[in-house]
Amino acid sequence: DLLHESGDRTASTRAICERAGVQAPTLYHHFGSKQGLIDAVIQHGFNQYVQPARPAGETIDPIDSIRHGWDRHVQFGLEHPNFYALLYGNVERGKPCAITSPALARLTELLREAARRGQLRVPPAAAAAHLLAANVGVTLSLIAQPEEHPDLSLSHQAREAALDAICAEHATGSAGPGRAAAAIALAATLDDKSDLSAGETALLRELLQRLATPSTASR
């Protein structure tokens, strides 16, 4: 509330303590600093969209889950623009954002499951980086638009274009996976328990990576 009311992404320690009804030493005891408190609040908000409640026993299609996750990401940014700008407007080169790492981890997990199903044309880690970069860019663009009329069609179109770039053709209805998708699917199963030795697994992973690379797969 205080960051939203300030309009300049700042809030004094005094104002925070007055709003919470505590003294400054209490804030420092629990969070170490004002930034520590802000980070905790943002982490709390991100956890709500990264891990939404689902009915027990529900079968989850990973690509559909990624679509929903993309939309929740955009909605979170539009509902909390100052928090979102604090996260992605103050990035430092070479320093991944610890606060948003659960979102990337959840996305990578979903993409590994999609790979096991033969739904990906690129490896899960590369697909996750591609999707997250597109998702963040779209969200920042929408935040910059008039609050009353954000163009959500931009988000939908960018989402589908990003998914088309990483998904194998059969995931949208063709007969079956190509060689790259099959290699990626097999590579994803290597994360599970295997009878292969560590050396055999490393060799197989290298061969599958070569098959999954477009320049190699097209030769």
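Throughout what follows, the structure given in this document is the object of discussion. Note that the structure is a prediction, hence the values are computed from the model and not measured.

### So, the overall build of the protein chain
For the protein chain, the count of helices and strands is twelve helices and zero strands. Secondary structure elements of the protein chain, listed N to C terminal, follow the sequence α-α-α-α-α-α-α-α-α-α-α-α. Within the protein chain, contacts between residues separated by at least 24 positions form 66% of all contacts whose residues are at least 6 apart in sequence.

### Section: the packing of helix α8 (residues 124–143) against helix α9 (residues 152–166)
Contact pair α8 / α9: the axes reach a minimum separation of 10 Å and the direction vectors enclose 170°. What the angle tells us is that α8 and α9 run roughly antiparallel. Residue-level contacts link Ala127, His130, Leu131, Ala134, Val138, Ser141 and Leu142 of α8 to Leu152, Leu154, Ser155, Ala158, Ala162, Leu163, Ala165 and Ile166 of α9.

### A closer look at α9
When the terminal C-alpha atoms of α9 are compared, their 22 Å separation across 15 residues agrees well with the 21 Å that a helix rising 1.5 Å per residue should span. For α9, every residue scored as buried is listed here: Ser155, Arg159, Ala162, Leu163 and Ile166. Each buried residue of α9 lies within a common arc of 95° when the element is viewed along its axis, so the set occupies one face. Packing partners of the buried residues in α9 comprise α5 (62–79), α7 (101–116) and α8.

### Some details on the pattern of salt bridges
Inspection of the entire model under this criterion finds nine salt bridges. A salt bridge links Arg159 to Asp71; its shortest N-O distance comes to 2.9 Å. Of this pair, Arg159 sits in helix α9 while Asp71 is found in helix α5, placing the two residues 88 residues apart along the sequence. Relative accessible area serves as the criterion here: at 13%, Arg159 is assigned to the buried category. Residue class for Asp71 comes out partly exposed when judged on its relative accessible area of 28%.

Calculation notes
- Residues numbered from 1 in each chain as written.
- Predicted model: local features only at pLDDT ≥ 70, side-chain atom pairs only at ≥ 80, totals over all residues.
- Heavy atoms only, no water.
- Helix = DSSP H or I, 4+ residues; strand = E, 2+ residues; numbered from the N terminus.
- Contact = heavy atoms within 4.5 Å.
- Axes fitted to C-alpha atoms, helices over the stretch in contact; angles between N-to-C directions.
- Parallel < 35°, antiparallel > 145°, perpendicular 65-115°, else oblique.
- Expected span 1.5 Å × (residues − 1).
- Buried < 20%, exposed > 50% of the residue type's maximum accessible area, 1.4 Å probe, protein only.
- Arc of directions from axis to C-beta.
- Salt bridge = Lys/Arg side-chain N within 4 Å of Asp/Glu carboxyl O.

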